[in-house]
Amino acid sequence: MTPYILLKENQTVITKQKKWTSFYLLNLCLLSSSGFAAAQSTLTDKTTTYAKLNRPDRTVVFTLSVGPAWSDAQRTQTLLLQPDLKKTYASTNSSSTLIDGEIFAGIQKILHPKIDGQIGLAIAGASNSNLSGDVWEDGNPNFNNYVYKYNVNHGHIAIKGKLLSPFHERYQPYVSGSIGVGFNRSANFSLTPKIEEEVPAPLFQANTTTAFTYTVGMGVQTAINDRWKVSVGYEFADWGQSHLGAAPGQTIGKGPSLSHLYTNELQFSLSYFPRDI
Amino acid sequence: MNAIRILLVGLSFFPLVSLKAAEPKFSITPLTRSTFLVANDETIPVQYRIVNNTNVTRTLTMNPIPGITQITIGTNICANPFVLSPGQSCILSLSVFGGAIASSINQGPQICKTLTNTNTPDPFLCSQPSRLNSLSIQRVDATKPFLFANTFLLTLTPDGLSKNLTITNGSPTVTALNVKADLSGTALGLNVTQDASGCEKIPPGQSCNLIFTPNSKTISLTEFPIAGTNTRTVGAAIVVAEPENSALIRVTGTPLILQPNQTASVTIQNNSLLLSATNIQAHDLPLGITQDASNCTDNPIPPGGSCELQFTATSYGVPAFISLIYGSDTSLTQATLGVDAPPLLNIAFVGDSSLTLQADGTSTGSMTIQNTSGELLEAGVTAHFEGTALSGNVSASTCGAMNNGDTCTIIFTAGRTSVQTDTQFPIYKENATIGLIGTIRINPSAVAYLSNARSNDVYQCAIEGGTNNLNQCQTFSDLGLNAPRGVAVNPDKTRTYIVNNGNNSVTHCEIESNTHYLVNCQNANANGLNSPVGIAINPTGTNAYITNTSNNTVSRCPILPDGGFANGCVDSGATALGRPQDIAFKADNSFAYIANYPTNSSGGHITQCAVDNNSLTSCSIAYQGSSGQWSGLAISPGNNKLYTSDFNYSEFLTCVLVDGGGLSNCIGKGLYSTTYRSGGVAVNSFGTVSYVMNSEASYSAQILLNGSGEVQSFSKIYTTPAYLWGIALLEFLG
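1. Quick notes on the overall build of chain B
Piece 1. Broken down by element type, chain B carries three helices and 61 strands.
Piece 2. The 734 residues of chain B split such that 48% are buried.
Piece 3. Summarising the internal contacts of chain B: among those between residues at least 6 apart in sequence, 58% fall at separations of at least 24.
Piece 4. With an accessible surface of roughly 31,400 Å², chain B has 49% of that area assigned to carbon and sulfur atoms.

Set out below in structure tokens:
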């Protein structure tokens, strides 16, 4: 079945005949690597008539995204801090709400009569994700004597791609994905004794970890006018690994670590298309 | 998916984590005061108990505090550093020198593990006392006067008289100024008036009175500080209460209805403002509830304090009842207690509750029990002998189910071991009935009466059914005996006769029917005796026959109904005697046989005399031994045998009693080391066991006889009494 769009007045019809195979494949790779199956189709040289919704063949795009995110990082770990001293850090509350923001700069290209593609560079950052739990002295749960807290914040730079389907006159669904380098800063470790008799140990130091990071997302975009478009969507991110630095006097290893820190973001985006190229 | 997985993991962790409680790794508990002022020229000792609560043996040390030094000498005093294994403790002994500490210390001592092989505290593993127990030390100027109060507690009566608290200025040089109690913020502040006008200036070493006047309000013990503007503080307390004669106690937790076997407590509160309460207990507890009052009796309960009386139910029910609770100096209160289960039912004896059985393995007796509970009683009422001497020696039948008013007869069957004292035992059904106490005595199936010519005593020993040993011997002294030898029991089993070789007399005693002890012993009025040794009562019980060794005769003494020999004794007519020793009659009263001790080395003989109208006639030598010096002699009615024993050579001679008179087939058997200097000989009615007394040692011979009355085996038996000569058996053959 051939999809089609009803033409309105002052809308024009364009003919699409070029291949953007490499652009498309890069997007496809990004998305499939994030676990999303892209629609399997092949671009061929054929002429199809579509409505033109200010759909330039190639254009620059800048997108500012922001939104609330919810993080999860659950892990209980026993650390040997000295040859004769171990402690267990039992996570009790790993979920926190934070603000995520991203600036994206790239180009958008018609990949297929039914698909537009974007590729570019994304720079993102997030506010603190708070982690807390119990400290078991000697790794013994009978000595559950302290509450620990610390936070992790995150920034990353990534190659990001987005596929939009402009088949609807007003709303264009999209999927997106990125891979990049993340910078996770674990900091502000604190210990609070649960009973007066206990004396807090020296605190773990702040530490920034460079990690592999990726995102995948989906949503829907709508146009305000030819230059401005807004979208709302969901984006899942894995910030990758992070850990606190060793405490003063600690002779073995480092502070508590996370191999992943996942966030789920409700993402609001404003895109600007300054000019066609 | 990730979010769900993390959520599930989080939920699974929640209960695990929430169950764990915080506990100090190292408990640090003060043994002395930890809050005080210290003058800068003063040193104050402080001690804490340190306990290692962890599962790891740790080398520990105190985080140093300037001005505080650790003392490491003494019993169980912590070293520096010190090693504590899990659960182990030691005493951290500190010395606080006011001149070296900071102006105040408000924490610690912190106890930390050490860095490996050092005495440096490792901040990664430290504990400290609770805030209340932490060091709280203020350094003060040494010139500030100390104040002393003449008492800590001042007891006032509502609307009562004023009372004084005498304050003394301890400084030798400084005048204390404006000394008064600070009652603000307490109930005392509003209700007790203070007159401190006498204490505005207290010269060095002088005293003054703070005067306190109460109003009508009752106030529990309240502490307050007393200080002057330039002094240290001293503490005191006031209580305002009516005079009490006894501590007013109240109980909570009542009614307390226990489940079977449950243990629970009521709480006793001492509501007295002034008096301690001691030795509080519940009284008159019924069967079925036991009390552990130690919590209330071990120490006095102070005013306002409380303790717990712990009650434990047995498995049966106890209807709710009111128990009085009081101490030796308290008011009276009460608690309702009970056990929620079926109650114990009543049973009662019908008829006698005591029995005497014989240890013959077959003796039986009974007691009758009636169900008086008003309810059906399930089967199972029986006697319980556990823990009594009867255990294993008597068996009892078990009652079946009984309706109200029904009776049940419990049959008791004795074993073969005697229990010669009245022994009590309970009869009940476990957890169903109130127990009755019955009494059983098991007399031996036979006893032996033995004489000791050295000590002038006579003994009664039980012959135990299983072993035939002589046990549980009773001694009868002071019977006026004189070198007693032969012993005999009359056929009616009512009297025992004892020959006194030393004074030519015979003593006779009644045999008490229950215990078989010898009672009412008296001289039998025998005359004409001449160094008598042996005695026999003829089978009809009418005459006693006594051998006289010095004139080779046998005296015959007719027996009166009272057992004595009222008409004296006559010569029985026996001849053919040579230092006659023991004598015995055939059961049919046809012949008497007399053992003779040889007058020369040719050996003794056995004399046989026919019994004719109680006289001994036609006497002849029935057996002439080659070497025997025959002493004891006994006849077994069971197997028609005569047994005699040799004094010098311990030969045991067995002869067949020929019908119509005469002895045949006499066979001697050496008893070797089992006896020595043979005295009397006895044989039981069944002809299964014989005894040969040993007059020179603490053992005698027991000889087991086979079915033909021949010696089967012999063994040495020890008897508590020694040097025995006479023996007579008293048997109860059912």
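2. Points about the overall build of chain A
Piece 1. In terms of helices and strands, chain A carries one helix and 15 strands.
Piece 2. Among the 277 residues that make up chain A, the fraction classed as buried is 52%.
Piece 3. Within chain A, counting contacts between residues at least 6 apart in sequence, those at least 24 apart form 74% of the total.
Piece 4. With the model as given, the accessible surface of chain A reaches about 12,600 Å², and the carbon-plus-sulfur share is 59%.

3. Thoughts on the packing of aromatic side chains
Piece 1. Per the stated rule, a full pass over the model turns up 21 aromatic pairs over all chains.
Piece 2. Ring geometry for A:Tyr148 against A:Tyr150: centres 6.3 Å apart, planes inclined by 25°, an arrangement best described as stacked.
Piece 3. One aromatic cluster is present, formed by A:Tyr89, A:Tyr148, A:Tyr150, A:Phe189 and A:Phe204 through successive ring pairs.
Piece 4. Here the guanidinium or amino end of B:Lys716 rests over the ring plane of B:Tyr699, the centre of that ring lying 4.3 Å away.

4. Section: the interface of chain A and chain B
Piece 1. Opposite the 36 residues of chain A that make contact, chain B presents 35 residues.
Piece 2. For the chain A and chain B pair, buried surface summed over both sides reaches about 2,800 Å², with 58% attributable to carbon and sulfur atoms.
Piece 3. In terms of surface lost to chain B, no three residues of chain A exceed A:Phe143, A:Glu196 and A:Val199, which account for 20% of the buried area on that side.
Piece 4. Counting every contact that joins chain A to chain B gives five salt bridges.
Piece 5. Secondary-structure elements contributing two or more residues to the side of chain A that touches chain B are strand 4 (76-82), strand 5 (85-93), strand 7 (115-137), strand 8 (144-164) and strand 10 (198-199) of chain A.
Piece 6. Of the residues in the side of chain A that touches chain B, the class split is 15 nonpolar, 11 polar and 10 charged.
Piece 7. Taken together, the two bridges between strand 10 of chain A and strand 10 (residues 121-127) of chain B define a ladder with antiparallel strand orientation. Looking across to strand 10 of chain B, one finds that A:Val199 is bridged to B:Cys126.

5. Considerations on the sheet that holds strand 20 (residues 219-227) of chain B
Residues and elements named next belong to chain B.
Piece 1. In space, the four strands of this open sheet follow the order 13-21-20-16, with mixed pairing throughout. The open sheet has two free edges, formed respectively by strand 13 (153-156) and strand 16 (180-181), since each of these has just one partner strand.
Piece 2. Pairing geometry for strand 16 and strand 20, over two bridges, is antiparallel. In the strand pairing of strand 20, Lys180 is matched with Ala227.

6. Some words on the pattern of salt bridges
Piece 1. Under the criterion given, the structure shown has 12 salt bridges over all chains.
Piece 2. Notably, a salt bridge pairs A:Lys87 with A:Glu137, separated by 2.9 Å at the nearest N-O pair. Within this pair, whereas A:Lys87 is found in strand 5, its partner A:Glu137 is found in strand 7, the two being separated by 50 residues in sequence. Take A:Lys87 and A:Glu137: they sit in the same class, and that class is buried.
Piece 3. The closest approach of N and O atoms between A:Glu137 and B:Lys25, which form a salt bridge, is 2.5 Å.

7. Description of the sheet that holds strand 19 (residues 207-214) of chain B
All names here are of chain B.
Piece 1. Reading across from one edge, 12-14-19-17 is the order of the four strands in this open sheet, with antiparallel pairing throughout. Since the sheet does not close on itself, it has two edges, and those belong to strand 12 (147-149) and strand 17 (192-195), each with one partner. Adjacent strand axes in the sheet meet at a mean angle of 25°, parallel and antiparallel pairs treated alike.
Piece 2. For strand 17 and strand 19, the ladder comprises four bridges, and the chain directions are antiparallel.

8. So, the state of the cysteines
Residue and element names in this part refer to chain B.
Piece 1. Counted by the stated rule, this structure contains 10 disulfides over all chains.
Piece 2. Here Cys557 connects covalently by a disulfide to Cys569, the sulfurs 1.9 Å from one another. Looking down the S-S bond of the Cys557 and Cys569 bridge, the torsion is 105°, so its handedness is right-handed. With Cys557 in strand 47 (residues 553-558) and Cys569 in the loop between strand 47 and strand 48 (570-571), the pair connects residues that are 12 residues apart, well separated along the chain. Considered together, Cys557 and Cys569 belong to a single accessibility category, that of buried residues.
Piece 3. Note that Cys609 is cross-linked by a disulfide to Cys619, the S-S spacing being 2.0 Å.

9. A few points about the nonpolar core
All names here are of chain B.
Piece 1. Counting 50 residues, the largest nonpolar core has Ile50, Ile68, Ile111 and Ile137 as the members making the most contacts within it.
Piece 2. Excluding anything up to four places from it in sequence, Ile111 contacts Phe26, Ile28, Ile50, Leu60, Thr61, Met62, Phe82, Leu92, Leu125, Cys126 and Ser127.
Piece 3. Ala359, Val394, Ile410 and Ile440 belong to the second-largest nonpolar core, a separate cluster that totals 26 residues.

10. A word on the layout of surface pockets
Residue and element names in this part refer to chain B.
Piece 1. The space that makes up the largest pocket amounts to roughly 880 Å³.
Piece 2. Lining of the largest pocket is provided by 36 residues; of these, Val489, Ile537, Ile635, Val683 and Leu729 occupy positions nearest its centre.
Piece 3. Contributions of two or more residues to the lining of the largest pocket are made by strand 41 (484-489), strand 45 (532-537), strand 49 (580-585), strand 53 (630-636), strand 57 (678-683) and strand 61 (724-731).
Piece 4. With seven residues, strand 61 is the single largest residue contributor to the lining of the largest pocket.
Piece 5. Counted by class, the lining of the largest pocket contains 25 nonpolar, seven polar and four charged residues.

11. Brief notes about the confidence of the model for chain B
Residue and element names in this part refer to chain B.
Piece 1. Across chain B, pLDDT averages 88, with 96% of residues at or above 70.
Piece 2. Residue range residues 1-19 is modelled with pLDDT below 50. Its contacts to residues more than four positions away, or to other chains, number 16 contacts.
Piece 3. Interface confidence for the predicted complex, expressed as ipTM, amounts to 0.73; the pTM equals 0.43.

12. Some details on empty space enclosed by the protein
Residues and elements named next belong to chain A.
Piece 1. All told, the structure shown has seven cavities of 30 Å³ or more when counted by the stated rule.
Piece 2. Put simply, the second largest cavity is a space of about 80 Å³.
Piece 3. Around the second largest cavity, the lining residues are Thr63, Ser65, Glu102, Phe104, Gln118, Lys160, Lys162, Tyr174, Ser176, Gln267 and Ser269.
Piece 4. At the level of elements, strand 3 (58-72), strand 6 (96-112), strand 8, strand 9 (171-193) and strand 15 (262-272) are the ones that each hand at least two residues to the lining of the second largest cavity.

13. Here's the deal with the pairing of strand 8 of chain A
As a general feature of sheets, a regular strand has side chains that alternate between the two faces.
All names here are of chain A.
Piece 1. Within strand 8, 16 of the 21 residues are buried, leaving the element largely enclosed by the surrounding structure.
Piece 2. With 19 bridges connecting them, strand 7 and strand 8 associate as antiparallel partners. Looking at the pairing, Gly125 lines up with Gly155 of strand 8.
Piece 3. Connecting the antiparallel pair strand 7 and strand 8 is a turn made up of six residues, with Asp138 showing a positive phi of about 60°.

14. A look at unusual backbone geometry
Piece 1. Cis geometry is adopted by the peptide bond preceding B:Pro81, which originates at B:Asn80 and carries an omega value of -5°.
Piece 2. Cis geometry marks the peptide bond from B:Thr254 to B:Pro255, where omega comes out at 0°.
Piece 3. One can find B:Pro255 in the loop between strand 22 (249-252) and strand 23 (256-258).
Piece 4. Located in the positive-phi region is A:Asp138, a residue other than glycine, with phi close to 60°.

15. Here we look at the environment of B:Gly628
All names here are of chain B.
Piece 1. By the secondary structure assignment, Gly628 is in the loop between strand 52 (615-624) and strand 53.
Piece 2. The spacing of Gly628 and Ser650 is 22 residues in sequence and 8.7 Å in space, taken between C-alpha atoms.
Piece 3. Contacts of Gly628, omitting those with residues within four sequence positions, involve Pro598, Gly603, Gly604 and Asp646.

16. A short note on the environment of B:Ser650
All names here are of chain B.
Piece 1. Secondary-structure assignment places Ser650 in the loop between strand 54 (641-646) and strand 55 (651-657).
Piece 2. In this structure Ser650 comes out as buried when scored by relative accessible area, which is 5%.
Piece 3. Not counting residues within four places of it along the chain, the set of residues in contact with Ser650 comprises Lys669, Gly670, Leu671, Tyr672, Thr675, Tyr676 and Ser678.

17. What to know about the side chain of A:Ser71
Piece 1. If you trace the backbone, A:Ser71 turns up in strand 3.
Piece 2. A polar contact of 2.5 Å, which involves the side chain of A:Ser71, links it to the side chain of A:Ser129.

The rules behind each value
- Residues numbered from 1 in each chain as written.
- Chains lettered and ligands numbered in written order.
- Predicted model: local features only at pLDDT ≥ 70, side-chain atom pairs only at ≥ 80, totals over all residues.
- Heavy atoms only, no water.
- Helix = DSSP H or I, 4+ residues; strand = E, 2+ residues; numbered from the N terminus.
- Buried < 20%, exposed > 50% of the residue type's maximum accessible area, 1.4 Å probe, protein only.
- Contact = heavy atoms within 4.5 Å.
- Areas by Shrake-Rupley, 256 points an atom, 1.4 Å probe, with all protein chains shown as cover.
- Phe/Tyr/Trp six-rings, centres within 6.5 Å; stacked < 30°, edge-to-face > 60°.
- Lys NZ or Arg CZ within 6 Å of the ring centre and 35° of its normal.
- Buried area = accessible area lost by both parts, 1.4 Å probe.
- Salt bridge = Lys/Arg side-chain N within 4 Å of Asp/Glu carboxyl O.
- Nonpolar A, V, L, I, M, F, W, Y, C, P; charged D, E, K, R; others polar.
- Pairing = 2+ DSSP bridges.
- Axes fitted to C-alpha atoms, helices over the stretch in contact; angles between N-to-C directions.
- Disulfide = S-S within 2.5 Å.
- Core = buried A, V, L, I, M, F, W, Y, C linked by side-chain atoms within 4.5 Å.
- 1 Å grid on protein atoms, 1.4 Å probe; cavity = no way out; pocket = protein on both sides within 12 Å on 5 of 7 lines; lining within 4 Å.
- Points joined across faces, edges and corners; volume = space filled by probe spheres on them.
- pLDDT = per-residue confidence, 0-100.
- Polar contact = N/O pair within 3.5 Å; in protein donor to acceptor, adjacent residues only side chain to side chain.

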